[in-house]
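What follows is the residue order along each chain.
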Amino acid sequence: MQQREQWATRLGFVLAASGSAIGLGNIWRFPYIAYDNGGGAFLIPYFFALLTAGIPILLLEFGIGRSQGGSAPLSFRRLSSRFEWLGWWQVMISFVIAVYYVAVVVWALSYFFFSFNLRWGGDTKGFLFNDFLRMPGDVVTDSGWNFGGIQWHILLPLLVVWAVAFYVLYNGVQKGIERANKVLMPILIVVMILFVIRAVTLDNAAAGLNHLFTPQFSKIFPGGGNPEWYKVWMAAYGQVFFSMSIAFAIMVTYSSYLDKKTDVNNSGFIMAFANSGFEFLAAIGVFAVIGYMAGVTGSDVGEVAASGVGLAFVVFPQIINEFPFLNGFFGALFFLSLVLAGFTSFISILEVVIAAVMDKLRLTRKQAVSWVLGISALVSIAFTTGAGIILLDIVDHFINAYGIVVAGFLEVLLLGWFSKKLNDIRLQNNRVSDFSVGYWWNVMIKFVTPVVLLIMTIMNLVSEFSANYEGYPTHAIVTFGWVMVLLSIAAAFVFTYAIRWKDESPAVASQEVSG
Amino acid sequence: MSGGAIAMFVFGAVLLWGGFAVTVGIALRKKNGKNAS
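Residues numbered from 1 in each chain as written. Chains lettered and ligands numbered in written order. Predicted model: local features only at pLDDT ≥ 70, side-chain atom pairs only at ≥ 80, totals over all residues. Heavy atoms only, no water.

As for the overall build of chain A
Helices and strands together make up the secondary structure of chain A, namely 22 helices and two strands. On C-alpha atoms alone, chain A measures out to a radius of gyration of 22 Å, which is about the 24 Å that the 2.2 N^0.38 rule sets for 515 residues. Along the first, second and third principal axes, the C-alpha set of chain A runs to 65 × 50 × 45 Å. The buried share of chain A, taken over its 515 residues, is 63%. In chain A, once contacts between residues fewer than 6 apart in sequence are set aside, the share between residues at least 24 apart is 84%. Roughly 18,300 Å² of accessible area belongs to chain A as shown, and the carbon and sulfur atoms make up 65% of that amount. (Helix = DSSP H or I, 4+ residues; strand = E, 2+ residues; numbered from the N terminus. Rg over C-alpha atoms; globule rule 2.2 N^0.38 Å. Buried < 20%, exposed > 50% of the residue type's maximum accessible area, 1.4 Å probe, protein only. Contact = heavy atoms within 4.5 Å. Areas by Shrake-Rupley, 256 points an atom, 1.4 Å probe, with all protein chains shown as cover.)

Shown next as structure tokens:
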């Protein structure tokens, strides 16, 4: 058997796990979610969700990976052979995310270079859709798609990003992933701090921060006049859940490279606070800049505030245009932070797939990296077409709502209720960690997290069947939404039951939790 | 910034950045303790 790779240091593991969790959503999702859901008051349900769901699931996944020492399918199989398919489903979810996530990293990389001469001009929305993405006007109608062909100016940087990812992953856990994170994560922190310092020293920055932090307690508690107060709490759970890279096998995979005697409890808390602390910092920078823009245009902060692709590639270029001086430098800082945050997450998503095929097919790392990245790169070309952004929007929505959330629900359900090893995992974690977690953790995994994730799924389904997502035609929703999710489940069953383990030794069989 | 906004900023900073500092401090103290023994 091949010797399993390990992190060289605990710091390397924490940086890599934090690099995975700190992604695009920390910069472009959290600020708007907080602003839109009670402002400063949102921090209360957010912190509550962090302690009752985010950290408990993270510690569960760290415990599974560290104690079982395998990729997600192998680790779940070692807990019970009946659970292997869940590991494969999470691997498939990672594969789907990887092939579109790379496209956003490429857009950010392109905009990083555009920053230096403000290439987007005055009409930033027109530049994004017409000049850069080249999305056809009739991209998706009731009668079908107009993909608009491959955009070579997007494909070329896409190949560059794949090549860099190949280099990092080909070099393995210590010399590739750990080394990359030890270099890129400190740069990301410094870049974000510089961005925030510049942002808060702008005119009218305080107005933006006022909008972000002024608490609207009436929005978050029952009886405050907001009948949909519970949606704020679900938004907090959703933000914590999507932000921490949990439930799609990344943390199981990364912690499987830990030495068996390495702490997991405190590392989990450090990673969770690093991730949340970073998005808190990013929110300050983003809303300070939005306050400045509102002042320049004489509009309300709420009219400028946005999230996602619109914030990054339409609103931010507008703001950068209006900067008093060093526009290009500020723009470069912002887009560099997106590239760094996105890339460290991207390699963690790919590592999930690589580790899984290495374990099941007994491939060497070099073989697995070549196959996985080769196939993924080919599929990702679909997102370089003129219809790429629409495809991405649909796939992203469905894989999050019905992939990650449902897989997360099944994970806590199976581990909490259908496996007798939950308490063993906690005790094993406690034995090697800086501090112990009490029985409250079992309660969170068995009761709180399944209930929250079930409610989230039901709310998603209700909104799904009340109107087509973003008003897209039904054929587009069915093909790239529902069918894609069903294919990921089918592929998981194929990998579980149709492909045999190359190594049938006891090492891959179900076994007791061992520390 | 309003008083409420400043209070919530401090609340978030203490919980999130403070939480990070405390947990890193625990890790360093344990590491130093192990090295000393």
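Quick word on the environment of Gly40 of chain A
Here Gly40 of chain A shows up in the loop between helix H3 (30-36) and helix H4 (43-68). In this structure Gly40 of chain A comes out as buried when scored by relative accessible area, which is 1%.

Focus: helix H20 (residues 422-432) of chain A
Within H20 of chain A, burial applies to Leu422, Ile425, Arg426, Gln428, Asn429, Asn430 and Val432 of chain A. Buried residues in H20 of chain A make contact with H4, helix H14 (265-297), helix H19 (388-417) and helix H21 (440-466) of chain A.

Quick look at the interface of chain A and chain B
The partner chain B presents 19 residues to the 27 residues of chain A that form the contact. Run the count over chain A and chain B and you get zero salt bridges. If you list the elements that add at least two residues to the side of chain A that touches chain B, you get H4, helix H10 (205-213) and H14 of chain A. For the side of chain A that touches chain B, the element with the most residues is H14 of chain A, which contributes 10 residues. Looking at the side of chain A that touches chain B residue by residue, the classes come out as 19 nonpolar, six polar and two charged. (Salt bridge = Lys/Arg side-chain N within 4 Å of Asp/Glu carboxyl O. Nonpolar A, V, L, I, M, F, W, Y, C, P; charged D, E, K, R; others polar.)

With respect to the side chain of Asn400 of chain A
Residue and element names in this part refer to chain A. When you line up the elements, Asn400 lands in helix H19. A distance of 2.7 Å separates a polar atom in the side chain of Asn400 from the backbone oxygen of Asp396. Apart from the residues lying within four places of it in its own chain, the contact partners of Asn400 are Tyr100, Phe242 and Val405. (Polar contact = N/O pair within 3.5 Å; in protein donor to acceptor, adjacent residues only side chain to side chain.)

Quick look at the side chain of Ser376 of chain A
All names here are of chain A. Along the polypeptide, Ser376 turns up in helix H18 (residues 365-380). Classification of Ser376 by relative accessible area gives buried; the value is 0%. Looking at Ser376, its side chain comes within polar contact range of the main-chain oxygen of Val372, at 2.6 Å. Those residues in contact with Ser376 that sit more than four places away from it in its chain are Phe95, Val99, Trp162 and Leu350.

Topic: the packing of H4 of chain A against H19 of chain A
A packed helix pair is summarised by two numbers, namely the angle formed by the two axes and the spacing between the axes. Residue and element names in this part refer to chain A. Where H4 contacts H19, the two axes come as close as 12 Å, and the packing angle between them is 70°. Judged on the interaxial angle alone, H19 and H4 are roughly perpendicular. Our pair here, H4 against H19, has a crossing hand that is left-handed. Here Ile57, Leu60, Glu61 and Ile64 of H4 come into contact with H19, specifically with Glu411, Val412 and Leu415. Per-class residue counts for the contact of H4 with H19 are five nonpolar, no polar and two charged. (Axes fitted to C-alpha atoms, helices over the stretch in contact; angles between N-to-C directions. Parallel < 35°, antiparallel > 145°, perpendicular 65-115°, else oblique. Left-handed = near helix turned anticlockwise from the far one by under 90°.)

A word on helix H9 (residues 172-200) of chain A
Here H9 of chain A contains 29 residues, and its C-alpha end-to-end distance of 40 Å stays within 8% of the 42 Å for a straight helix at 1.5 Å per residue. If you look at H9 of chain A, its biggest bend is around 25°, right at Glu178 of chain A. (Expected span 1.5 Å × (residues − 1). Bend = angle between axes of the 7 residues up to and from the residue.)

Quick notes on the packing of H9 of chain A against helix H17 (residues 327-361) of chain A
Residue and element names in this part refer to chain A. At a minimum axis separation of 9 Å, H9 and H17 run at an interaxial angle of 150°. If you check the angle between H9 and H17, you find them roughly antiparallel. Classified by chirality, the crossing of H17 by H9 is left-handed. By residue class, the composition of the contact of H9 with H17 is 19 nonpolar, three polar and two charged.

Concerning the nonpolar core
Residues and elements named next belong to chain A. Among the nonpolar cores identified, the biggest contains 206 residues, and Trp107 and Phe346 are the most heavily contacted of them. No other element matches helix H6 (residues 84-115), which puts 24 residues into this core. Dropping the residues within four chain positions of it, Phe346 is found in contact with Ala98, Tyr101, Val102, Val161, Trp162 and Ala165. (Core = buried A, V, L, I, M, F, W, Y, C linked by side-chain atoms within 4.5 Å.)

Structural notes on the pattern of salt bridges
All names here are of chain A. Applying the stated rule across the entire model yields nine salt bridges over all chains. Of the charged contacts in the structure, one is a salt bridge between Asp359 and Arg4, with a shortest N-O distance of 3.4 Å. Of the two residues, Asp359 sits in helix H17 while Arg4 sits in the segment before helix H1 (10-21), which places them 355 residues apart along the sequence. Classification of Asp359 as buried rests on a relative accessible area of 7%. Of the charged contacts, one joins Lys231 and Glu228 as a salt bridge, the two residues approaching to 3.1 Å between their closest N and O atoms. On the basis of relative accessibility, which here comes to 36%, the residue Lys231 falls in the partly exposed class.

A closer look at the confidence of the model for chain B
Averaged over every residue, the pLDDT of chain B is 91; the share at 70 or more is 92%. Quick note on the complex model: pTM equals 0.94, ipTM equals 0.94. (pLDDT = per-residue confidence, 0-100.)

Re a nonpolar patch on the surface
All names here are of chain A. A cluster of nonpolar side chains, Trp417, Phe418, Tyr439, Val443 and Phe447, forms an exposed patch at the surface whose accessible area comes to about 540 Å². As for its placement among the helices and strands, Phe447 is situated in helix H21. Given the relative accessible area of 43%, Phe447 is considered partly exposed. (Patch = residues over 30% accessible without salt bridge, like charges linked within 9 Å, V, L, I, M, F, W, Y side chains within 5 Å.)

Overview of the packing of aromatic side chains
With the rule as written, the count across this model stands at 57 aromatic pairs over all chains. The ring of Trp417 of chain A has Lys446 of chain A sitting right over it, with the charged end atom 4.4 Å from the ring centre. (Phe/Tyr/Trp six-rings, centres within 6.5 Å; stacked < 30°, edge-to-face > 60°. Lys NZ or Arg CZ within 6 Å of the ring centre and 35° of its normal.)

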